[in-house]
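Geometric and topological summary
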Amino acid sequence: MTGTTSRAPRPAADSALELPRYLRESDDRRTPVAYAGYRSTALRAPLRTPVDLPQRLTEVTGPVLGEDRVTAADADLTLRMGGEAQGQRINVFGRVLDSDGRPVPDTLVEVWQANAAGRYRHVGDNWPAPLDPHFDGLGRVMTDSLGRYEFTTIQPGAYPWGNHHNAWRPAHIHFSLFGRAFTQRLVTQMYFPGDPLFWQDPIFNAIPPSARHRAIATFDLDRTQDNWALAFHWDIVLRGTDQTPFETDDDGDVA
Amino acid sequence: MTAHQIDHLSPQVRNANETNDRRPGTPRRGSGFLDEPFQLGLTPSATVGPYLSIGLTWADGPHAVAEGTEGAIWLRGRVFDGNGDLVPDAMIETWQADPDGRFDHPDAPQGERRYPGFRGFGRSHTVEPAGEYGILTLKPGRVDDGKGGLQAPHVDVSVFARGLLDRVVTRIYFADEADANAEDDVLAALPDDASRRTLIARPSDDGYVLDIHLQGDDETVFFAV
Ligand SMILES: [Fe+3]
């Protein structure tokens, strides 16, 4: 278990607990649970309005999954089962931050993806693209003390998925993050810049237009490795805390 | 669409245009001053898709407490869609206090923790048996409600699946905690007993059972956190 905090420790008293409060982004900036163009949402996305849950101890704490779950080899998806994966080698790197701009250190990042041909190593994926004996599509890394992460993989391929006629998912890598609180849990997908498939993909287009660019990595020439790998930069921003909910002594005149 | 639109959280900046940006006292674009705390835009969520088990499977995932721990219980249930069909490709994650109501976390009150091997976090896919989740854990204790009272024992639950573009959040309460449940203000704030019943697990042979209905007449109460 790791437990580095990016903040001063909280008071230990059970009474008068001073808990962080995690900001919620407005609905017009978050991905909705349901989206008409994504057919599977029709019978699965709840139809009733969710009930507001106050943020208390259960919500402002969360699992701290540590180094013991990750080995160095988990950060290189191109070397599996005794050989090298086919495809364009890439480094994917960035920082995990909260919306206050603070790094989220020592937090587990789980990723999974299709191979270079757009095929997942999964019993449910049977579209006729080849599996790669040296690619399983699973990566795990911990952020460092500055919230940085990096892994090496191959550029995933696009794949058809039957949602509508000639539907193709833009190339993407699935990401799962915990942050340090139940409220911060995030599962998302990272896309690649300039993908010609964005316009027809309901999973991408379910993201409000003002937030879509945050799901797209940036090509970074400086981080490419000569004669080895291209590089893509993607920072991930989790919900931050309200800085001032309990500070009532100050009249707010800071000028 | 331009490749990189700049997001302005401040309505005074965002909504500024030729007709309103010269009102006296209105922060001017380019004035160099922020009129609200600086916030980074959040990374938008996306569905886990159908192949989540590649990335999100741990051998010990369902074990919020180590196997063989005295007093361990199974939380089980099935997940149903709007047709009443089992959802065979969902994932449930649980997070909860230990039996003393404590969390191993820097923001929680510190104190003695008497349950070695208790992780508080469980993760279960609904693949086998189809549509069913199972989490091995200890029954949580009551947790401070922040207002001088106690919440009823509860487990926070996230549900992920293909067809959900974001996780949905619910809670598991326990049918044999009727007195505590009656005092719980989250349960009390729900509109009726039918809503409350969707959150209350009933005792079973090896723990408790609660089905999750994503839609339908008995749609589970989901929470915005
Ligand atoms: Fe995918």
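Keep in mind the model is a prediction, meaning the values are calculated, not measured.

Scoring rules and cut-offs
Residues numbered from 1 in each chain as written. Chains lettered and ligands numbered in written order. Predicted model: local features only at pLDDT ≥ 70, side-chain atom pairs only at ≥ 80, totals over all residues. Heavy atoms only, no water. pLDDT = per-residue confidence, 0-100. Buried < 20%, exposed > 50% of the residue type's maximum accessible area, 1.4 Å probe, protein only. Helix = DSSP H or I, 4+ residues; strand = E, 2+ residues; numbered from the N terminus. Pairing = 2+ DSSP bridges. Polar contact = N/O pair within 3.5 Å; in protein donor to acceptor, adjacent residues only side chain to side chain. Contact = heavy atoms within 4.5 Å. Axes fitted to C-alpha atoms, helices over the stretch in contact; angles between N-to-C directions. Patch = residues over 30% accessible without salt bridge, like charges linked within 9 Å, V, L, I, M, F, W, Y side chains within 5 Å. Areas by Shrake-Rupley, 256 points an atom, 1.4 Å probe, with all protein chains shown as cover. Salt bridge = Lys/Arg side-chain N within 4 Å of Asp/Glu carboxyl O. Donors = N, O, S within 2.8 Å, 3.2 Å for Na, K, Ca; no water. Tetrahedral: all angles 85-135°; square planar, octahedral: opposite > 155°, others 65-115°. Buried area = accessible area lost by both parts, 1.4 Å probe.

**Description of the confidence of the model for chain B**
- Taken residue by residue, chain B gives an average pLDDT of 89. The fraction at 70 or more is 84%.
- The ipTM, which scores confidence in the relative placement of chains, is 0.89 for this predicted complex, and the corresponding pTM is 0.88.

**Some thoughts on the pairing of strand E7 (residues 148–154) of chain A**
All names here are of chain A.
- Of all seven residues making up E7, five are buried, and the element is well covered by its neighbours.
- Note that strand E4 (residues 89–98) and E7 share seven bridges and pair antiparallel. Considered in E7, the bridge of Asn91 is made with Thr152.

**Thoughts on unusual backbone geometry**
- Residue Glu128(B) is joined to Pro129(B) through a cis peptide bond whose omega torsion reads 0°.
- One can find Pro129(B) in the loop between strand E3 (121–125) and strand E4 (132–137).
- With a phi angle near 50°, Met81(A) is a residue other than glycine that sits in the positive phi range.
- Summarising the element assignment, Met81(A) is placed in the loop between strand E2 (79–80) and strand E3 (83–84).
- Positive phi outside glycine occurs at Asn166(A), with the angle close to 60°.

**Here's the deal with the side chain of Thr43(B)**
- Residue position: Thr43(B) is located in the loop between helix H1 (11–14) and helix H2 (52–55).
- The exposure class assigned to Thr43(B) is buried, which follows from its relative accessible area of 6%.
- A distance of 2.7 Å separates the side chain of Thr43(B) from the backbone nitrogen of Val237(A), its partner in a polar contact.
- When sequence neighbours within four positions are dropped, the list of residues in contact with Thr43(B) reads Leu186(A), Thr188(A), Arg214(A), Trp234(A), Asp235(A), Ile236(A) and Val237(A).

**Overview of the sheet that holds strand E11 (residues 186–191) of chain A**
All names here are of chain A.
- The strand order across the open sheet built from four strands is E6-E5-E10-E11, with neighbouring strands paired in antiparallel fashion. Edge positions in the sheet fall to strand E6 (138–142) and E11, since each of these pairs with one other strand and no more. Here the strands of the sheet are splayed against their neighbours by 25° on average, with no regard to which way each runs.

**Things to note about a nonpolar patch on the surface**
Residue and element names in this part refer to chain A.
- A cluster of nonpolar residues, Phe219, Leu221 and Leu230, forms a patch on the protein surface that exposes about 280 Å² of accessible area.
- Inspection of the secondary structure puts Leu230 in strand E13 (residues 230–233).
- Given a relative accessible area of 33%, Leu230 falls into the partly exposed group.

**Comments concerning the coordination of the iron ion**
Residues and elements named next belong to chain A.
- Taken together, Tyr120 (OH), Tyr159 (OH), His172 (NE2) and His174 (NE2) make up the full set of protein donors to the iron ion, lying 1.9 to 2.2 Å away.
- If you look at the iron ion, its four donor atoms make angles of 89 to 164° with each other, and the shape they trace is irregular.
- One chain supplies every donor for the iron ion, spaced along it as Y-x38-Y-x12-H-x1-H. Taken together, the residues span a long stretch of sequence, with Tyr120 in the loop between strand E5 (108–113) and E6 and Tyr159 in strand E8 (residues 159–160) at a distance of 39 residues. With respect to class, Tyr120 is no different from Tyr159; both count as buried.

**Re the interface of chain B and chain A**
- Chain B puts 79 residues into the contact, and the matching count from chain A is 93 residues.
- Where chain B abuts chain A, roughly 7,600 Å² becomes buried across the two surfaces, and 57% of that area is made up of carbon and sulfur atoms.
- For the pair chain B and chain A, the number of links is eight salt bridges.
- Between Asp185(B) and Arg56(A) there is a salt bridge; the shortest N-O distance is 2.7 Å.
- At the junction of chain B with chain A, the criterion picks out 44 residue pairs in polar contact (both at pLDDT 80 or more).

**Examining the pattern of salt bridges**
- Throughout the structure, instances matching the rule amount to 32 salt bridges over all chains.
- Of the charged contacts in the structure, one is a salt bridge between Arg180(A) and Asp107(B), with a shortest N-O distance of 3.0 Å. With Arg180(A) in the loop between strand E10 (172–177) and E11 and Asp107(B) in the loop between strand E2 (90–96) and E3, the pair connects residues from two separate chains. For the pair shown, Arg180(A) and Asp107(B) are each scored as buried.
- Close ionic contact of Arg113(B) with Asp104(B) constitutes a salt bridge, the shortest N to O distance being 3.9 Å.
- Assessed through its relative accessible area of 31%, Arg113(B) is described here as partly exposed.
- On the basis of relative accessibility, which here comes to 51%, the residue Asp104(B) falls in the exposed class.
- Overlapping salt bridges, with partners in common, bring together Glu110(A), Arg185(A), Glu93(B) and Arg123(B) in one network.

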